[in-house]
Amino acid sequence: MKPARRHEFHRPNRALQLYAVFFMVLLYGPILFIPLFSFSAGLYIRFPIESFTLDWYGRLIGERPVLRALENSLRVGVSVAVVSTCLGVFAAKALVRYRVPGKGPILGFILLPLVVPPIIFGVAMLLMVNALNIPLSLYTIAAGHIIICLPFSIAILMPRFEGYDAAMEEAAADLGENGWWVFWRVTVPIIMPGIVASLLLTFTVSFDEFVMAFFLGGTDLTLPLYIWGQLRIPRNFPVVLALGTLILLFSFALVFLGLRIGRRGAIKLVDRG
Amino acid sequence: MSERHVMIRLSNISKRFGLFRAIEHADFDIFRGEFFSILGASGSGKTTLLRIMAGFEAASEGTVHIDGAPMDAVPPHQRPVNMVFQNYAIFPHLNVADNIGFGLRKLGLGRAERQRRIDEMLELIALPGYGARRSDQLSGGQRQRVALARALILRPKVLLLDEPLGALDKQLRAQMQTELRALQRTVGITFVLVTHDQEEAMALSDRVAVMDEGRVMQIDTPAGLYERPGSRKVAGFIGSMNFLRGVVLGRDGAMARVQIAGGGAVCRMPADRLNGAHGDLDLAIRPEKIALHARAPGPDALAGVLRDRVFLGERVHYTVALGDGGETVIVSAPNTAEADGVPQTGSTVWLSWPETALMPLSDT
Ligand SMILES: Nc1ncnc2c1ncn2[C@@H]1O[C@H](COP(=O)(O)OP(=O)(O)OP(=O)(O)O)[C@@H](O)[C@H]1O
Ligand SMILES: [Mg+2]
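Conventions adopted
Residues numbered from 1 in each chain as written. Chains lettered and ligands numbered in written order. Predicted model: local features only at pLDDT ≥ 70, side-chain atom pairs only at ≥ 80, totals over all residues. Heavy atoms only, no water. Domains from an automatic or database assignment. Contact = heavy atoms within 4.5 Å. Salt bridge = Lys/Arg side-chain N within 4 Å of Asp/Glu carboxyl O. Buried < 20%, exposed > 50% of the residue type's maximum accessible area, 1.4 Å probe, protein only. Helix = DSSP H or I, 4+ residues; strand = E, 2+ residues; numbered from the N terminus. Near = heavy atom within 4 Å. Polar contact = N/O pair within 3.5 Å; in protein donor to acceptor, adjacent residues only side chain to side chain. Areas by Shrake-Rupley, 256 points an atom, 1.4 Å probe, with all protein chains shown as cover. Nonpolar A, V, L, I, M, F, W, Y, C, P; charged D, E, K, R; others polar. Pairing = 2+ DSSP bridges. Axes fitted to C-alpha atoms, helices over the stretch in contact; angles between N-to-C directions. Buried area = accessible area lost by both parts, 1.4 Å probe.

### Quick notes on the domain arrangement of chain A
Residues and elements named next belong to chain A.
Argument step 1. Here chain A is described as being made up of domain 1 (13-53) and domain 2 (65-272).
Argument step 2. Put simply, the middle of domain 1 and the middle of domain 2, counted by C-alpha atoms, are 30 Å apart.
Argument step 3. Between domain 1 and domain 2, the residue contacts involve 9 residues of the former and 10 residues of the latter.
Argument step 4. For the pair domain 1 and domain 2, the number of links is 0 salt bridges.

### Considerations on the pattern of salt bridges
Argument step 1. This structure, assessed with the given rule, holds 31 salt bridges over all chains.
Argument step 2. Notably, a salt bridge pairs Glu24 of chain B with Arg21 of chain B, separated by 3.8 Å at the nearest N-O pair.
Argument step 3. Exposure remark for Glu24 of chain B: the relative accessible area of 16% places this residue in the buried category.
Argument step 4. Close ionic contact of Asp67 of chain B with Lys157 of chain B constitutes a salt bridge, the shortest N to O distance being 3.0 Å. You can see Asp67 of chain B sitting in the loop between strand 4 (61-66) and strand 5 (69-70) and its partner Lys157 of chain B sitting in the loop between helix 4 (140-152) and strand 7 (158-162), a full 90 residues away along the chain.
Argument step 5. Residue classification places Asp67 of chain B among the partly exposed residues on the basis of a relative accessible area of 28%.
Argument step 6. When salt bridges that share partners are traced, they join Glu170 of chain A together with Lys15, Arg51 and Glu57 of chain B into one network.

### Comments concerning the site of ligand 1
Argument step 1. Around ligand 1 sit 13 residues, and of these Ser42, Gly43, Lys46, Thr47 and Thr48 of chain B come closest.
Argument step 2. Chain contributions to the surroundings of ligand 1 come from chains A and B.
Argument step 3. Take Thr48 of chain B: an N or O atom from its side chain is 2.5 Å from an oxygen atom of ligand 1.
Argument step 4. Glu163 of chain B places a polar side-chain atom, nitrogen or oxygen, 3.4 Å from an oxygen atom of ligand 1.
Argument step 5. When ligand 1 is considered free in solution it has 640 Å² of accessible area, and contact with the protein chains removes 65% of it.
Argument step 6. Secondary-structure elements contributing two or more residues to the shell around ligand 1 are strand 2 (20-31) and helix 1 (46-54) of chain B.
Argument step 7. Looking at side-chain class alone, the shell around ligand 1 contains 4 nonpolar, 6 polar and 3 charged residues.

### Quick look at the sheet that holds strand 3 (residues 35-40) of chain B
Strand pairing in a sheet relies on backbone hydrogen bonds, with the paired strands running either antiparallel or parallel.
Residues and elements named next belong to chain B.
Argument step 1. The strand order across the open sheet built from 6 strands is 6-7-8-3-9-10, with neighbouring strands paired in mixed fashion. Strand pairing shows two members of the sheet lacking a second neighbour, strand 6 (81-84) and strand 10 (215-220), which therefore form its edges. Taken pair by pair, the neighbouring strands of this sheet meet at an average axis angle of 20 degrees, ignoring direction.
Argument step 2. Relative to strand 8 (residues 190-195), strand 7 is paired through 5 bridges, and the arrangement is parallel. Opposite Leu160, over in strand 8, you have Val192 as the bridge partner.

### Let's talk about the interface of chain A and chain B
Argument step 1. Contacts between chain A and chain B engage 19 residues on the former and 24 residues on the latter.
Argument step 2. The junction of chain A with chain B conceals about 2100 Å² of combined surface from both sides, 60% of it contributed by carbon and sulfur atoms.
Argument step 3. At the junction of chain A with chain B, the criterion picks out 2 salt bridges.
Argument step 4. Ionic pairing is found between Arg105 of chain B and Glu177 of chain A, a salt bridge with its closest N-O pair at 2.6 Å.

### Describing the domain arrangement of chain B
All names here are of chain B.
Argument step 1. By the assigned domains, chain B splits into domain 1 (6-236) and domain 2 (240-354).
Argument step 2. Computed over C-alpha atoms only, the centres of domain 1 and domain 2 are separated by 41 Å.
Argument step 3. Across the contact, 7 residues belong to domain 1 and 6 residues belong to domain 2.
Argument step 4. Roughly 630 Å² of surface becomes buried between domain 1 and domain 2 when both sides are summed, with 46% attributable to carbon and sulfur atoms.
Argument step 5. Looking only at domain 1, the three residues that lose the most surface to domain 2 are Tyr226, Arg232 and Ala235, adding up to 72% of its buried area.
Argument step 6. One can count 1 salt bridge joining domain 1 with domain 2.
Argument step 7. Ionic pairing is found between Glu227 and Lys289, a salt bridge with its closest N-O pair at 2.8 Å.
Argument step 8. Joining domain 1 to domain 2, the criterion identifies 3 residue pairs in polar contact (both at pLDDT 80 or more).
Argument step 9. Of all the secondary structure elements, the ones that give two or more residues to the side of domain 1 that touches domain 2 are helix 7 (222-227) and helix 8 (232-237).

Here it is in structure tokens:
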């Protein structure tokens, strides 16, 4: 029978399954130690865990510098997300809609920060900022983060522009709207899932970023910088683990949400033909 | 219409994309209230011409006037025309009512008036009560009607339609053709329709412009294009056609004598149609204008050999090879013409036609 052959072809592949499990364990196993030991009463990472406690989380709440760092991270993250998503919308629209001469090279250049090590960018930015006599602050961190985040934003938004017919915008213009209103009444609503996904992902990238912040930061610390500082004080280590656990949860939630919104929007558009 | 009011005037429009000439010297008028079609094969520049009228493309040369006003510096959103796009471009994030009412924002109407106009349009396109439908819950024909309503609600001076029926299946197409024609009569707006379907252009239009490779070949009424195609291209594009070669032998009064190559017979045709042409000549004749005879009906009849006979129900198509030249001619006769017996393939038959049936062509 024909269906049987088809079935056979799609039979689960044992080796592939094992590989997938192995891969997941290797990737996420170490990360799981962070939440695990954040509940351990002992100061040191050591098995077996003797007793469990929520003390470290309690201490976190009373810690003023943590809250300051959290506030800084949120401020940088939100600004970076908004600025890089706005720039991303315009860049993605230009790249998809207009005949830009040398589109390929430009695209490669824009996406470069995805593959160039942040340390290179960090050093380069630091040199530039020093040469221009700009004081290091949260602003310089944000500038560095925008460079890293812009390619993410463009990569998320370009398929949104490719996913709908340019005639939509022409139709709106034909019905009497100028460029600005066409953008607000047609372009923005159609690409909205992409905008939300871009905001969430760029925020997460900025929130978790360390290297650029390390080079470009002044006296105001972001959360990753704060954690880095605390690692040198052994007695604070479990608090860092507790903090790390919370950040991990928060980041996972945001990325998951971002991807889901992005995907759902894509399916909707396809359904509508 | 006593006096014809020019709604769109294209003055010597040319359009180049780089070195490629998409439109060459388009120069014609479209009148108020007219159903005007632009007919041409794929890539002949129909959409480009329509987009120049709408303002989405700028002409490389020439000027568009709409209702007397030059449009050179007028952007699309300020032109008194609206367009139905090839794939309808229905806004996916808006429901049917908001799609139809999209253009009303600028008029600053109150809620009630807005709603009244939208309902009026829904009535016009025979979709009352569909306002709250999501646009992805519409069938192809319904989408097409929503696109029409959205463009018509602004009462444009001209409605531009780019292959509006192209995406529909054959049956729905025929129905929408009738509706489109009726709609145009109701609203009285000038329609400019782009199509590559000659039957559609013939069925709907008051006049048709035939385009080929960026040139407007001929503009005429459907009957005019059918009976008096000016060139081989137009003749071949509209309906089916036999092409013959002939030599002008001379004139007696209003009639010219023309010898047909192949058969050798001498036919008569109105001399004024020749426009003073002499010597060798390209001729065309419609298959249904030719009569087929089993016996020579007279000295003017063209002799040939019947090669094939195809029965199509209402009509019968014969393929006849002329004399020694081997040129073949298709004859389309109503099946009642065979009352006196079915001619055998391979037998000699004679062809004749009315004096007005033969058409001279200007080029090859
Ligand atoms: N933006 C453009 N850049 C370059 N060439 C173009 C552009 N738009 C159209 N063309 C070319 O101009 C010619 C005419 O195109 P147009 O779209 O007007 O054809 P059409 O008659 O509408 O064909 P179809 O029936 O396939 O829609 C085509 O050869 C096309 O490749
Ligand atoms: Mg076209």
